[in-house]
Amino acid sequence: MGKNESGSIDTDFLHRLIRELDIGRFFHIAAEGLATHLGADGAALMVCEKPDRLRYRFFHGLPAPYQSLAAHSFSDRLGLAGAALHAREPIFVTDYAKSPYALPEYVASGLKASLCSPVMADGRVLAILAVSWFHIPKRLPGPADTRMIALITDFVGTALHRYHTEQRLRELAMHDPLTGAANRNLFFDRLNHAMTMAIRRERLLAVITFDIDNFKMINDKLGHAMGDALLLEVRLRVQDLIRASDTLARLGGDEFALLLEDVNRYAEIETVIERIRQVLRIRWGTATLQIATSISLGFTVYPVDTGDDQTLLHHADTAMYDAKRAGGNRSLLFTNAMALSAAHKGDLILEFGRALEQGELVLYYQPMVEIATGRVISAEGLIRWRHPNHGLLSPPQFMGAIEHAYNSLKLDAWVIAEALATLARWQARGIMKKLHINLSTSSIENHRFCETLRRTLAASFAAIDPHSLGIELVEWSAIQDIDAARALIMDCRALGVSVALDDFGTGYASLQHLRSLPIDSIKIDRGFVGELTREPADRILVQSMISAAQAFGIEAMAEGIETEEQNQLLIAMGCKYGQGYLFAPPLTEESLWVTCF
């Protein structure tokens, strides 16, 4: 951009600026135009943050040494930017190094001259617009330049104000203005995404609703201001109990909804629910009048409950209202959620018995690989139910209903027999790979399990080497009864069968288990792996798991690897083995032979 013959500002440039709605592109157009007009090298925008801080938001045309100084926020009292902010007017220095505002790091970056102008809207300074020269300016700004600087700064201020307003409107559209919790719109948005991921990852999710049993009395006796304060207290206390990946929403009045994602067992949900019930037993009020509070809570679990998003919330509400009608201060599971067609849990158990008898069960196989090369070293057998009416079902859709039933022990016996038959077929084809199978929670409590395993191995017509079989125990299940889990693991290893601790990292005291349980390997939970590229804390946790496993002479395997970026991070951390959709999804035996062997 330049000036026309009369010395006025280029109107084409102004039209481009006014028509641009994206804040990033807007700034780059404004910065390029202003820097060109003044003969500068580039410009930057520093936004005001509380308390008393400035942070770089945009750069245009500035060298890397200068941009590298923007890694952290800095005091709004420092340097030329701070001086312009507090003077509330532009300041221009032609020899930056000798100016009273010079900071050593900026001098070292090569900055020769600088102009800082406050960006204002509604009488407040929103940001500082800094124009930079990395050469001696050929001329000083004149009156026309001053008008240009003021005009562009005003435009930037208007754009920032509009951007902040839009951000606030988006925030209001997705959050409850009283408590700051998610609102119904955001809750359903996250629920739909979580439902998709639950099926893909073969996990459960819980939809929980709860309200305060005597909220009307609190409003009537203590006033609505105290009622509102209680709602905020509820949000704060529950938010402290849940993970960052879970979603707490206020649906209206005193009713809240909670989405628990990436859950492996019903007991995990029940633990969270009990903690919520305990933390919300509050005596609320003033020094002279306090009212004891409690909650009624209902929940349902997907994909055992096969409803859509609206149906899941309705089912949780139904259970909550039943809890309230039963006297309150309790939690109830939606009773029909444990069946495939909203029928009773017992019907599902009967159907599963039929599935065992009529050959409706089948194993799928997900390869385990050496992640640096992709070489298949073993596979995990994953059960599927070919239901005559509902199609191919994965474990989260039926295991929750049967995991503590007698049928789960019969299922383990079927899985062992099927795994040995699979190994026999592999060995007949010259495929000498290891096969891992998963055991139900009931197997840990079943003292006869290893005897059943011993007999099945002895009866194997192909004389399968026990070392080719691996058992996987879910960490959370194992730590419920450490002594029983240790006995089971030692018995399996005495037979030559290796034992892995699955979903490692979800048991709250995981590193301790490397010492107390005589396991051969751990499988790092996919929840940590999935956040490796986004959460520095998860990278630290995963690295500590891998290092601890190596220190104890235990193999570490990562679950749920879906991207090459995750894979490279794991390799750098020293992890050797893994599985996930990056390498292969669960496959039929025929597809496994074709794809991986």
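Residues numbered from 1 in each chain as written. Predicted model: local features only at pLDDT ≥ 70, side-chain atom pairs only at ≥ 80, totals over all residues. Heavy atoms only, no water.

1. With respect to the overall build of the protein chain
And step 1. The secondary structure content of the protein chain amounts to 23 helices and 22 strands.
And step 2. For the protein chain, the proportion of its 597 residues judged to be buried stands at 53%.
And step 3. The contacts of the protein chain with a sequence gap of at least 6 include a subset with a gap of at least 24, amounting to 65%. (Helix = DSSP H or I, 4+ residues; strand = E, 2+ residues; numbered from the N terminus. Buried < 20%, exposed > 50% of the residue type's maximum accessible area, 1.4 Å probe, protein only. Contact = heavy atoms within 4.5 Å.)

2. Brief notes about the sheet that holds strand E6 (residues 124–133)
And step 1. With antiparallel pairing, the six strands of this open sheet are ordered in space as E3-E2-E1-E6-E5-E4. Since the sheet does not close on itself, it has two edges, and those belong to strand E3 (74–75) and strand E4 (91–93), each with one partner.
And step 2. Two elements, E4 and strand E5 (residues 113–121), share three bridges in a ladder whose sense is antiparallel. Its bridge partner lying in E5, valine 93 is registered against serine 114.
And step 3. Along the sheet, helix H2 (residues 23–38) makes contact with strand E1 (42–49), strand E2 (53–60), E5 and E6, crossing E2 at roughly 75°.
And step 4. Sitting on the sheet, helix H4 (residues 79–87) is in contact with E1, E2, E4, E5 and E6, with an inclination near 40° to E5. (Pairing = 2+ DSSP bridges. Axes fitted to C-alpha atoms, helices over the stretch in contact; angles between N-to-C directions.)

3. Thoughts on unusual backbone geometry
And step 1. Following tyrosine 302, the chain continues into proline 303 via a peptide bond in cis, with omega recorded as 10°.
And step 2. By the element assignment, proline 303 lies in the loop between strand E12 (295–302) and helix H11 (309–325).

4. Focus: the pairing of strand E21 (residues 555–558)
A regular strand places its side chains on the two faces of the sheet in alternate fashion.
And step 1. Where strand E20 (residues 521–524) lies against E21, four bridges are found, and the strand directions are parallel. In the strand pairing of E21, isoleucine 524 is matched with alanine 558.
And step 2. In this sheet, strand E22 (residues 577–578) lies alongside E21 in parallel orientation, the contact comprising two bridges. When the sheet's bridge partners are listed, alanine 558 is paired in E22 with glycine 578.
And step 3. Following the chain from E21 across helix H22 (residues 564–573) to the adjacent parallel E22, one finds a crossover that is right-handed. (Right-handed = clockwise from strand over helix to strand, strands pointing away.)

5. Overview of the confidence of the model for the protein chain
And step 1. A residue-level look at the protein chain finds 90% of positions with pLDDT of 70 or above and a mean pLDDT of 85.
And step 2. Within the model, pLDDT remains below 50 along residues 2–7, and this stretch shows seven contacts once partners closer than five positions in the same chain are excluded.
And step 3. Segment residues 337–345: pLDDT under 50, and 27 contacts once partners within four positions in sequence are set aside and those in other chains are kept. (pLDDT = per-residue confidence, 0-100.)

6. Here we look at the layout of surface pockets
And step 1. Within this model, the largest pocket holds a volume of roughly 1,200 Å³.
And step 2. Along the walls of the largest pocket sit 44 residues, with Arg243, Ser245, Glu261, Asp262 and Gly527 positioned nearest its centre.
And step 3. At the level of secondary structure, the elements contributing two or more residues to the lining of the largest pocket comprise helix H7 (184–201), strand E9 (255–263), helix H10 (266–279), helix H20 (526–530) and helix H21 (536–551).
And step 4. The element best represented in the lining of the largest pocket is H7, accounting for six residues.
And step 5. The residue inventory of the lining of the largest pocket, partitioned by class, reads 15 nonpolar, twelve polar and 17 charged.
And step 6. The calculated volume of the second largest pocket comes to roughly 350 Å³.
And step 7. Around the second largest pocket, the lining is made up of 13 residues, and of these Cys48, Glu49, Arg124, Val125 and Leu126 lie nearest the centre.
And step 8. Elements with a minimum of two residues in the lining of the second largest pocket: E1, E2 and E6.
And step 9. Partitioning the lining of the second largest pocket into residue classes produces five nonpolar, one polar and seven charged. (1 Å grid on protein atoms, 1.4 Å probe; cavity = no way out; pocket = protein on both sides within 12 Å on 5 of 7 lines; lining within 4 Å. Points joined across faces, edges and corners; volume = space filled by probe spheres on them. Nonpolar A, V, L, I, M, F, W, Y, C, P; charged D, E, K, R; others polar.)

7. Points about empty space enclosed by the protein
And step 1. Tallied over the full model, the rule gives three cavities of 30 Å³ or more.
And step 2. Looking at the largest cavity, its volume works out to about 640 Å³.
And step 3. Along the walls of the largest cavity sit 36 residues, with Glu202, Asn264, Leu382, Pro395 and Asn438 positioned nearest its centre.
And step 4. Counting residues per element, the ones that place at least two in the lining of the largest cavity are H7, strand E14 (361–370), strand E15 (375–387), helix H13 (399–402), helix H14 (406–428), strand E18 (469–474) and strand E19 (498–504).
And step 5. With four residues, E15 is the single largest residue contributor to the lining of the largest cavity.
And step 6. Class assignment for the residues of the lining of the largest cavity results in 16 nonpolar, seven polar and 13 charged.
And step 7. When its volume is computed, the second largest cavity comes out at roughly 40 Å³.

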